[in-house]
Amino acid sequence: MPLVKECVFCKIIRGEIPCCKVYEDDLILAFLDIAPFNIGHTVIIPKDHQNSITTLDEIYANRIIKMAPKIGVALMRTINAEGFNLFLNNGSVAGQTVWHCHMHVLPRFAGDKVVISSEPMKYDSMDQMAELAGKLFNKLNA
Ligand code: 5GP
Ligand code: ZN
């Protein structure tokens with residue numbers, strides 16, 4: 001899919017909007033998020049307008065997953081982050097706001113203000129849990 005005129009990340013790829021680039025190759029671009037959850041928060045994007053991880057061409061997915069931990073390690077070495085989260089919001093219900101698929105690399109520091117939490121739920125029974133796993137297994141292993 002070509003770059004899209006009004007997409008903010010396509011504009012960054014075209015150089016119409018500036019970005020603080022941290023990595024670039026033939027397939028992907030990584031730059032600092034403009035509204036970081038922590039200093040160093042980075043997003044990695046394919047250099048092609050693909051809006052969802054579900055349809056992202058494997059060639060981009062492979063490169064993004066290869067570079068994400070390298071960027072995480074670079075953040076640890078450069079700003080003394082002690083770890084990092086990798087996450088990708090897919091769909092508005094999951095928090096996606098830019099419809100150009102991207103992976104977040106979020107450096108973490110002891111005592112930082114980042115909150116990634118949810119009250120754990122419980123399955124009604126082991127049978128319910130096993131039934132769901134079975135359905136998923138059948139779909140994924142068909
Ligand atoms: P999402 O919520 O879709 O997973 O993440 C989109 C991210 O892109 C947000 O964290 C947001 O701050 C970042 N973002 C949106 N517009 C721009 C921009 O123009 N420049 C940069 N560097 N980041 C942006
Ligand atoms: Zn785009």
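Computed from a predicted model, the values in this text were never measured in an experiment. (Residues numbered from 1 in each chain as written. Chains lettered and ligands numbered in written order. Predicted model: local features only at pLDDT ≥ 70, side-chain atom pairs only at ≥ 80, totals over all residues. Heavy atoms only, no water.)

K.L.:
I would appreciate a short explanation of the nonpolar core in the present structure.
P.N.:
Inside soluble globular proteins, nonpolar side chains tend to come together where they are buried. Ile28, Ile44, Ile64, Ile71 and Val105 are the most contacted members of the largest nonpolar core, which totals 14 residues. At the level of secondary structure, the elements contributing two or more residues to this core comprise strand 2 (28-32), helix 2 (58-79) and strand 5 (103-108). Grouped together as the second largest cluster of nonpolar side chains are nine residues, Cys10, Ile12, Leu29 and Val43 included. (Core = buried A, V, L, I, M, F, W, Y, C linked by side-chain atoms within 4.5 Å. Buried < 20%, exposed > 50% of the residue type's maximum accessible area, 1.4 Å probe, protein only. Helix = DSSP H or I, 4+ residues; strand = E, 2+ residues; numbered from the N terminus.)

K.L.:
Got a minute to help me understand the site of ligand 1 in this structure?
P.N.:
Among the 15 residues in the neighbourhood of ligand 1, the closest are listed as Asp33, Asn89, Gly95, Thr97 and His104. A distance of 2.9 Å separates a nitrogen atom of ligand 1 from a polar backbone atom of Leu32. A distance of 2.4 Å separates an oxygen atom of ligand 1 from a polar atom in the side chain of Asp33. Contact with the protein chains covers 84% of the free accessible surface of ligand 1, which is 520 Å². Contributing elements (two or more residues each) for the shell around ligand 1: helix 1 (8-14) and strand 2. (Near = heavy atom within 4 Å. Polar contact = N/O pair within 3.5 Å; in protein donor to acceptor, adjacent residues only side chain to side chain. Areas by Shrake-Rupley, 256 points an atom, 1.4 Å probe, with all protein chains shown as cover.)

K.L.:
Can you walk me through the coordination of the zinc ion (ligand 2) in this structure?
P.N.:
At this site the zinc ion (ligand 2) is bound by Cys7 (SG), Cys10 (SG), His49 (ND1) and His100 (ND1), with donor distances of 2.1 to 2.3 Å. Of note is the zinc ion (ligand 2), whose four donor atoms meet at the metal with angles of 104 to 115° in an arrangement that counts as tetrahedral. Of note, the zinc ion (ligand 2) draws all its donor residues from one chain, in the sequence arrangement C-x2-C-x38-H-x50-H. On the criterion of sequence distance, the pair formed by Cys7 in the segment before helix 1 and His100 in the loop between strand 4 (83-87) and strand 5 is long-range, its members being 93 residues apart. (Donors = N, O, S within 2.8 Å, 3.2 Å for Na, K, Ca; no water. Tetrahedral: all angles 85-135°; square planar, octahedral: opposite > 155°, others 65-115°.)

K.L.:
Explain the packing of aromatic side chains here, please?
P.N.:
The geometry of an aromatic ring pair comes down to the distance between the two centres and the angle between the two planes. What the rule picks out here adds up to two aromatic pairs. Ring centres of Phe37 and Phe87 lie 6.4 Å apart, and the angle between their planes is 5°; this geometry places the pair in the stacked category. Separated by 50 residues along the polypeptide, Phe37 in the loop between strand 2 and strand 3 (42-46) and Phe87 in strand 4 bring together distant segments of the chain. (Phe/Tyr/Trp six-rings, centres within 6.5 Å; stacked < 30°, edge-to-face > 60°.)

K.L.:
What am I meant to see in the pattern of salt bridges here?
P.N.:
Opposite charge on two side chains makes pairing possible when the charged atoms of those side chains draw close. Going through the model one piece at a time under the given rule, you end up with seven salt bridges. Glu24 is the salt-bridge partner of Lys21, the closest N and O atoms lying 2.6 Å from each other. Between Asp25 and Arg63 there is a salt bridge, and its shortest N-O distance comes to 2.8 Å. Residue Asp25 is found in the loop between strand 1 (21-24) and strand 2, and its partner Arg63 is found in helix 2; the two are separated by 38 residues along the sequence. Exposure remark for Arg63: the relative accessible area of 22% places this residue in the partly exposed category. One continuous salt-bridge network, built from bridges that share partners, spans Lys21, Glu24 and Lys47. (Salt bridge = Lys/Arg side-chain N within 4 Å of Asp/Glu carboxyl O.)

So yeah, pure geometry; function would need other evidence.
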